[in-house]
Amino acid sequence: MDDRIDVASLGWPAGLVGELDHRRLKAPSVKLRSARRGEHGDVTYCVDLRIRHPNADEYLTSTELHSVEHFLLEGFSRLLPEHFVSVGLMGCQTGFYLGFVNEGRSEVLCACLVRILDEMQSATEVPYANIEQCGHWRNHSLADAQRVAREILARRAHWLDAA
C-alpha cells in the first residue's frame with residue numbers, strides 16, 4: 001500500500017501543509033496540518049482554522065472560542081456526519097483544529113465551513129448552549145459568534161493562502 005497522500009490533488013497548496021513558522025501565518029485561513037493513512041487505509045486529516053494572527057496580540061476571548069466551537073461542532077456533525085471527528089480549541093486562542101476521516105478535499109471542507117458561518121448569521125441561539133449539553137453553558141454569546149463568523153467569511157477568497 002502506498003502511504004503517501006497527494007495533498008495537491010485534494011486542493012491544498014503543498015508548500016503550506018504541515019507545521020509552519022507561526023510568524024508567517026495569515027488569518028483568517030484554512031490549511032491542512034496533517035494527513036495520515038491508518039493501517040486499514042482510512043485517512044485522518046487535521047485542518048487548521050486560524051482566525052487570529054499568532055503572536056500579534058490578537059486573540060479570541062474564551063466566550064468567542066466557546067460559542068464558535070459549538071457552531072462548528074453542530075455544523076460539521078450535521079453536514080459531514082460520516083467524516084467529521086472533532087473540533088479542538090487552539091490553546092493560544094487563535095483558532096481551531098478540525099478533524100476528519102476519509103474527507104480531506106479543501107473544496108468540500110471550505111464549502112461546509114462557508115455554510116456553517118452563513119447559517120450562524122440567522123441563528124437565534126448557540127447550539128448546545130444549555131445546562132444539559134454544556135459544561136459552561138452560561139459562557140456563550142450569539143452576537144460575538146456571529147461577528148467572528150462575519151470576519152472569517154470576509155476573507156474566504158484568501159483562506160487557502162495561509163502564509
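The following refers to the structure shown. (Residues numbered from 1 in each chain as written. Predicted model: local features only at pLDDT ≥ 70, side-chain atom pairs only at ≥ 80, totals over all residues. Heavy atoms only, no water.)

1. A short note on helix H3 (residues 142-154)
Here H3 spans 18 Å end to end across 13 residues, near enough to the 18 Å set by a 1.5 Å rise per residue. By the burial criterion, the buried members of H3 are Ala 145, Gln 146, Val 148, Ala 149, Ile 152 and Leu 153. Along H3, the residues classed as buried sweep out an arc of 160 degrees about the axis, all on the same side. (Helix = DSSP H or I, 4+ residues; strand = E, 2+ residues; numbered from the N terminus. Expected span 1.5 Å × (residues − 1). Buried < 20%, exposed > 50% of the residue type's maximum accessible area, 1.4 Å probe, protein only. Arc of directions from axis to C-beta.)

2. A word on helix H1 (residues 62-79)
Look at H1: 25 Å from first C-alpha to last across 18 residues, which is about the 26 Å you get at 1.5 Å a residue. By the criterion of burial, H1 is predominantly enclosed, with 13 of the 18 residues buried.

3. A closer look at the packing of helix H2 (residues 106-120) against H3
Packing of H2 against H3 brings their axes to within 9 Å, and their N-to-C directions diverge by 140 degrees. Classified by the angle their axes make, H2 and H3 are oblique. H2 and H3 meet at a crossing whose hand is left-handed. Contact with H2, carried on its side by Val 114, Leu 117, Asp 118 and Met 120, involves Ala 145, Gln 146, Ala 149, Ile 152 and Leu 153 of H3 and no other residues of that element. For the contact of H2 with H3, a count of residues per class yields 7 nonpolar, 1 polar and 1 charged. (Axes fitted to C-alpha atoms, helices over the stretch in contact; angles between N-to-C directions. Parallel < 35°, antiparallel > 145°, perpendicular 65-115°, else oblique. Left-handed = near helix turned anticlockwise from the far one by under 90°. Contact = heavy atoms within 4.5 Å. Nonpolar A, V, L, I, M, F, W, Y, C, P; charged D, E, K, R; others polar.)

4. Some thoughts on the pairing of strand S1 (residues 29-37)
Consecutive side chains along a regular strand alternate between the two faces of the sheet. One ladder, built from 8 bridges, connects S1 with strand S2 (residues 43-50); its direction is antiparallel. Within S2, the position partnered with Val 30 by the bridge is Leu 49. Here S1 folds back onto S2, and the loop between the two strands holds 5 residues, one of which, Gly 41, carries a positive phi near 100 degrees. (Pairing = 2+ DSSP bridges.)

5. Some words on the pattern of salt bridges
Scanning the entire structure with this criterion turns up 12 salt bridges. Where salt bridges share partners, they join Arg 52, Glu 64, Asp 144, Arg 147 and Glu 151 into one cluster. (Salt bridge = Lys/Arg side-chain N within 4 Å of Asp/Glu carboxyl O.)

6. Some points on the nonpolar core
The biggest cluster of nonpolar side chains holds 38 residues, and the ones touching the most others in it are Leu 72, Phe 76, Phe 96 and Phe 100. Of all the elements in the fold, those that place two or more residues in this core are S1, S2, H1, strand S3 (84-89), strand S4 (95-101), H2 and H3. Considering each element in turn, this core owes the most residues, 8 residues, to H2. If we ignore the near neighbours within four places in the chain, the residues touching Leu 72 are Leu 49, Ser 77, Phe 84, Val 87, Phe 96, Leu 98, Leu 113 and Ile 116. (Core = buried A, V, L, I, M, F, W, Y, C linked by side-chain atoms within 4.5 Å.)

7. Some points on the packing of H1 against H3
It is the contact of H1 with H3, at a shortest axis distance of 9 Å, that shows an interaxial angle of 75 degrees. In terms of orientation, H1 and H3 fall into the roughly perpendicular class. For the pair H1 and H3, contact is made by Thr 63, Glu 64, Ser 67, Val 68 and Phe 71 and by Leu 142, Asp 144, Ala 145, Arg 147 and Val 148, respectively.

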